[in-house]
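Listed here are the chains, written in short residue letters.
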Number of protein chains: 2
Amino acid sequence: MSNINIGLFGFGVVGQGVFEVIRKSKNAHAEIVKICVSDRTKPRRTAVDPALLTERAEEILDNPRIDLIVEVINDAEEAYRIVRTALLKGIPVVSGNKAMLAKHLPELIEIQQTHDVALLYDASSCGSIPVIRNLEEYYDNDLLLEVKGILNGSSNYILSRVFDHEEAYDDALQQAQELGFAEKDPSFDIEGFDSLFKLVIITVHALGTYVAPERIFTYGISTIHDADIRYAREKGVKIKLVAQVVKVSDEHFTMFVMPEFVEPSKYIYSVDDEYNGVVIRGECYDRQFMFGKGAGSLPTASSILSDVMARLHNYRYEYKKQHYLQKPAYTTDLSLKIYVRYSQTNILHVLHFEHIHEQYVSDESNYVIGTIRLSELIEKRDRLRAPDLFLANLPIFFLDRDR
Amino acid sequence: MSNINIGLFGFGVVGQGVFEVIRKSKNAHAEIVKICVSDRTKPRRTAVDPALLTERAEEILDNPRIDLIVEVINDAEEAYRIVRTALLKGIPVVSGNKAMLAKHLPELIEIQQTHDVALLYDASSCGSIPVIRNLEEYYDNDLLLEVKGILNGSSNYILSRVFDHEEAYDDALQQAQELGFAEKDPSFDIEGFDSLFKLVIITVHALGTYVAPERIFTYGISTIHDADIRYAREKGVKIKLVAQVVKVSDEHFTMFVMPEFVEPSKYIYSVDDEYNGVVIRGECYDRQFMFGKGAGSLPTASSILSDVMARLHNYRYEYKKQHYLQKPAYTTDLSLKIYVRYSQTNILHVLHFEHIHEQYVSDESNYVIGTIRLSELIEKRDRLRAPDLFLANLPIFFLDRDR
């Protein structure tokens, strides 16, 4: 077995983790031979031979010694240029960039197929939990009904602090940032976009269909309020930011990212702090639950290492489900039961509910619980961004789901 | 993509599940063309074209139309003959027979390699949870430190009834049998052998080393007594039947199957009833937890289907870890802290403890908590089968493990 020579793009938290993990793994048969960074002189935690560092992407992209590119930079557009260029040159790539992948997957899948080259990205979704590989390889039949989970560690950490430790939302957010779980601009995490991008990638491997992020209803936790937390506590549930893709019939599936009232009997109820947890539901095996560290330097790096090792055996995604004859189509034409808390905004003037189950009005805040079309939520989503609104899914009436 | 023609051995609970699942799975590109049973005339739940049934193994083994054999019969020795014959003829096999595999894996691995033919068996360990495939493909580097879990649904069901529902052991066992979770001869499940066989298979894919079942300390739950349950309740823990393989140093690993006092903070604490749960611990990703239905007709059948689908893409285990340069070796030369409850047997005359931490004597029963070599337990294992003894692992002092 010959060694793989790796060109690494990015030497931040994850990049340094990759460097460390590959050095530790004595049987990996892999070596990092060049690292491209934006600033060679920047001081770094990890000691590295300065000769390995370069600021010029071509030193990796045009280097015939390099067998594999590992891309772990932050900038999604720059990552896209690197990955696309590498693939067009026939160089396989391992990437962890969910924003880039969620946007460009159709083109990148096509390039993989036309140029007979591999792009692996298990690290992009749920860090160390091998969700993509399992959906691609193990749940590769049409018995899959649903993939649902907590895919973002930062927002989950914040919600855990608020629910289990009764901390204020702002304190919890600050703490998440100090611990390095949340980005400096936290909107990516707490507005649900990080979960959304992961869900888009997961859906390609779960059901064989790519749905562009902008077509998917996404609502975060930034407007959560004491009143919502109190309401959830009274009902004995937790609020979690949940991403899900669900087959609603043989012909259709739906997907969305939304806070959800989660009952203690559900597997994801006990996914706390910065952890991720994914429930895979199928026709025959009921529910399977995968749980682990979804983010962080070393967990993400170990996932990158698994993809690097897979390249030693020429592994590539085959996107088998894209070629199924009976592939379900995406729909938003279905009803959800939701909770909306509001104060200034007159929610009943904004949203058209099919049915109102409960309405509560008080000096402090108001809420309504009603049945509504998912398409209506997508249509009105800009108006739902008002800071005095908070929306959560009540999955109880949506589908039979006992865990 | 061409169809796979399957010859099925066995049409009991699992075999009928396989038949049903493959019929349901419209994109499976697989068809069962022959079913070998011991008695064609036996009435069966699943309606099947009588022309599909045969009592003669050669009708499958000598049939050139058949691309793949699925073997799900009960008899381990008969299964071995079928699987070995098929592989020697170059016919790939999917099997779920853990007893057969645990005993014959080294030979069956060699035949796969010399005859360039595949044997897949994810269904043999933890039913629908893809443990083998993940260990083989995803955790295929040397960062893996431990695989530990509840691998047997029947014994776990019994312990759950006893702990959560305060039922008597005998009632719980009878219930498990009535529900079809336990075999008619329950010793396979409750004496730990089912867990042991799965652990042997898991270890081949976790660390690349085969250890024969008879070299591994295995202790079941059949002698559990009210006094043990009371003791566990007082300490706020549950007793679970746990199988584990653990790296104890860079050079060595150990493995055993034993009841264990499990604290509420551990992932496996909440694996109840007939479920299985596996914790995979690694150097970089800490702990990952996989949870699901470990047995039953359809969960096992869906796992078989995943292996059948994998054969559509010519997947085979590469047993990569067997070729690692730095493969750890099996050892029993280490200390455990254990609890032994006894009445007639004078345990201190049977076992040589390195240190006794606690000793309790009463009219009803006695127990001792002590540190002991694992090799000592193996040496004395026949005497430990006395009906008045019960033994459990106290993992607290063994290794640092916070979950």
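K.L.:
Help me understand the overall build of chain A in this model?
P.N.:
Regarding its fold elements, chain A presents 13 helices and 17 strands. Radius of gyration (C-alpha) of chain A: 22 Å, near the 22 Å computed for a compact globule of 403 residues. Counting only C-alpha atoms and orienting by the principal axes, one finds that chain A spans roughly 70 × 50 × 35 Å. When each of the 403 residues of chain A is scored for burial, the buried share is 64%.

K.L.:
Hey, could you run me through the pairing of strand β14 (residues 335-342) of chain B in this one?
P.N.:
Here is the key point about a regular strand: its side chains alternate between the two faces of the sheet. Residue and element names in this part refer to chain B. Buried residues dominate β14, accounting for 7 of its 8 residues. Relative to strand β16 (residues 366-373), β14 runs antiparallel, the two being bridged by 8 bridges. Bridge assignment links Tyr-339 to a residue of β16, and that residue is Ile-369. Two elements, β14 and strand β17 (residues 390-393), share 4 bridges in a ladder whose sense is antiparallel. Bridging across to β17, Ile-338 finds its partner in Asn-393.

K.L.:
Quick question: what am I supposed to make of the environment of Lys89(A) here?
P.N.:
Residues and elements named next belong to chain A. As for its placement among the helices and strands, Lys-89 is situated in the loop between α3 (76-88) and β5 (93-95). Linking Lys-89 and Val-279, residues 190 residues apart in sequence, is a C-alpha distance of 38 Å. Those residues in contact with Lys-89 that sit more than four places away from it in its chain are Leu-61 and Asp-62.

K.L.:
Would you mind going over the interface of chain A and chain B with me for this structure?
P.N.:
Taken together, the contacts link 47 residues of chain A with 47 residues of chain B. For the pair chain A and chain B, the summed buried surface comes to about 4,100 Å²; carbon and sulfur atoms form 50% of the total. On the chain A side of the interface with chain B, the three residues burying the most area are Asn27(A), Tyr138(A) and Cys284(A), jointly 17% of the side's total. Applying the counting rule to chain A against chain B returns 4 salt bridges. Two residues, Lys24(A) and Glu283(B), come together in a salt bridge whose shortest N-O distance is 3.5 Å. Here chain A and chain B share 13 residue pairs in polar contact (both at pLDDT 80 or more) between them.

K.L.:
Got a minute to help me understand the nonpolar core in this structure?
P.N.:
Across soluble globular proteins, nonpolar side chains show a tendency to be buried alongside one another. Ranked by size, the top nonpolar core spans 281 residues in total, and within it Leu377(A) and Leu377(B) carry the most contacts. The contacts of Leu377(B), once residues within four sequence positions are left out, are Phe217(B), Met258(B), Leu336(B), Ile338(B), Leu351(B), Ile372(B), Leu384(B) and Leu391(B). Residues Val242(A), Ile150(B), Val271(B) and Phe289(B) belong to the second largest nonpolar core, which totals 20 residues.

K.L.:
Is there a simple way to explain the pairing of strand β10 (residues 252-262) of chain A in this structure?
P.N.:
Residues and elements named next belong to chain A. Among the 11 residues that make up β10, 10 are buried, leaving the element largely enclosed by the rest of the structure. With 2 bridges connecting them, strand β8 (residues 217-218) and β10 associate as parallel partners. Note that in β10 the partner of Thr-218 across the bridge is Val-257. As paired strands, strand β9 (residues 238-247) and β10 are joined by 10 bridges and run antiparallel to one another. Bridge pairing in β10 links Lys-247 to Phe-253. As consecutive antiparallel partners, β9 and β10 are separated by 4 residues. Pairing of β10 with strand β13 (residues 329-330), which is carried by 2 bridges, proceeds in the parallel orientation.

K.L.:
Please clarify how the packing of helix α6 (residues 153-164) of chain A against helix α7 (residues 169-178) of chain A should be interpreted in this entry.
P.N.:
Residues and elements named next belong to chain A. Relative to each other, α6 and α7 sit at 135 degrees, their axes nearing to 9 Å. The angle between the axes of α6 and α7 places the two elements in the oblique class. Here α6 and α7 pass one another in a crossing that is right-handed. Between α6, through Tyr-157, Ile-158, Arg-161 and Val-162, and α7, the contact on the second element is made entirely by Tyr-169, Ala-172, Leu-173, Gln-175 and Ala-176. Looking at the contact of α6 with α7 residue by residue, the class counts come to 7 nonpolar, 1 polar and 1 charged.

K.L.:
Is there a simple way to explain the pattern of salt bridges in this structure?
P.N.:
When the charged atoms of two side chains with opposite charge come close together, those side chains can pair. One pass over the structure, following the stated rule, counts 56 salt bridges over all chains. Here Arg133(A) ties to Asp307(A) by a salt bridge, and the two come within 3.4 Å at their closest N and O atoms. Of this pair, Arg133(A) sits in helix α5 (residues 131-137) while Asp307(A) sits in helix α11 (residues 297-312), and the two are 174 residues apart along the sequence. As a salt-bridge pair, Glu263(B) and Lys266(B) come within 3.6 Å of each other at their nearest N and O atoms. Through salt bridges that share partners, Lys34(A), Arg56(A), Glu58(A) and Glu59(A) make up one connected network.

K.L.:
Looking at this structure, how should I read the side chain of Thr371(B)?
P.N.:
Residues and elements named next belong to chain B. Take Thr-371: it is sitting in strand β16. Within the structure, Thr-371 has its side chain in polar contact with the side chain of His-357 (distance 2.6 Å). Apart from the residues within four sequence positions on either side, Thr-371 is in contact with Ser-335, Leu-336, Lys-337, Phe-353, Glu-354, His-355 and His-357.

K.L.:
Honestly, the relation of the copies chain A and chain B in this entry has me stumped. Any pointers?
P.N.:
For the pair of chain copies, the relating transformation is a rotation about an axis with a translation along it. Under the fitted operation, chain A is carried onto chain B by 0.0 Å of movement along the axis and a turn of 180 degrees, and the coordinates agree to an RMSD of 0.0 Å. One copy is carried onto the other by what is essentially a two-fold rotation axis. Taking C-alpha positions as the reference, the residue of chain A nearest the rotation axis is Met290(A), at 2.4 Å. Take the interface residues of chain A: 100% of them recur as interface residues in chain B, which is what a same-surface contact looks like.

About the cut-offs
Residues numbered from 1 in each chain as written. Chains lettered and ligands numbered in written order. Predicted model: local features only at pLDDT ≥ 70, side-chain atom pairs only at ≥ 80, totals over all residues. Heavy atoms only, no water. Helix = DSSP H or I, 4+ residues; strand = E, 2+ residues; numbered from the N terminus. Rg over C-alpha atoms; globule rule 2.2 N^0.38 Å. Buried < 20%, exposed > 50% of the residue type's maximum accessible area, 1.4 Å probe, protein only. Pairing = 2+ DSSP bridges. Contact = heavy atoms within 4.5 Å. Buried area = accessible area lost by both parts, 1.4 Å probe. Salt bridge = Lys/Arg side-chain N within 4 Å of Asp/Glu carboxyl O. Polar contact = N/O pair within 3.5 Å; in protein donor to acceptor, adjacent residues only side chain to side chain. Core = buried A, V, L, I, M, F, W, Y, C linked by side-chain atoms within 4.5 Å. Axes fitted to C-alpha atoms, helices over the stretch in contact; angles between N-to-C directions. Parallel < 35°, antiparallel > 145°, perpendicular 65-115°, else oblique. Left-handed = near helix turned anticlockwise from the far one by under 90°. Nonpolar A, V, L, I, M, F, W, Y, C, P; charged D, E, K, R; others polar. Least-squares fit on C-alpha atoms with pLDDT ≥ 70 in both.

On their own, these measurements won't tell you what the molecule is for.
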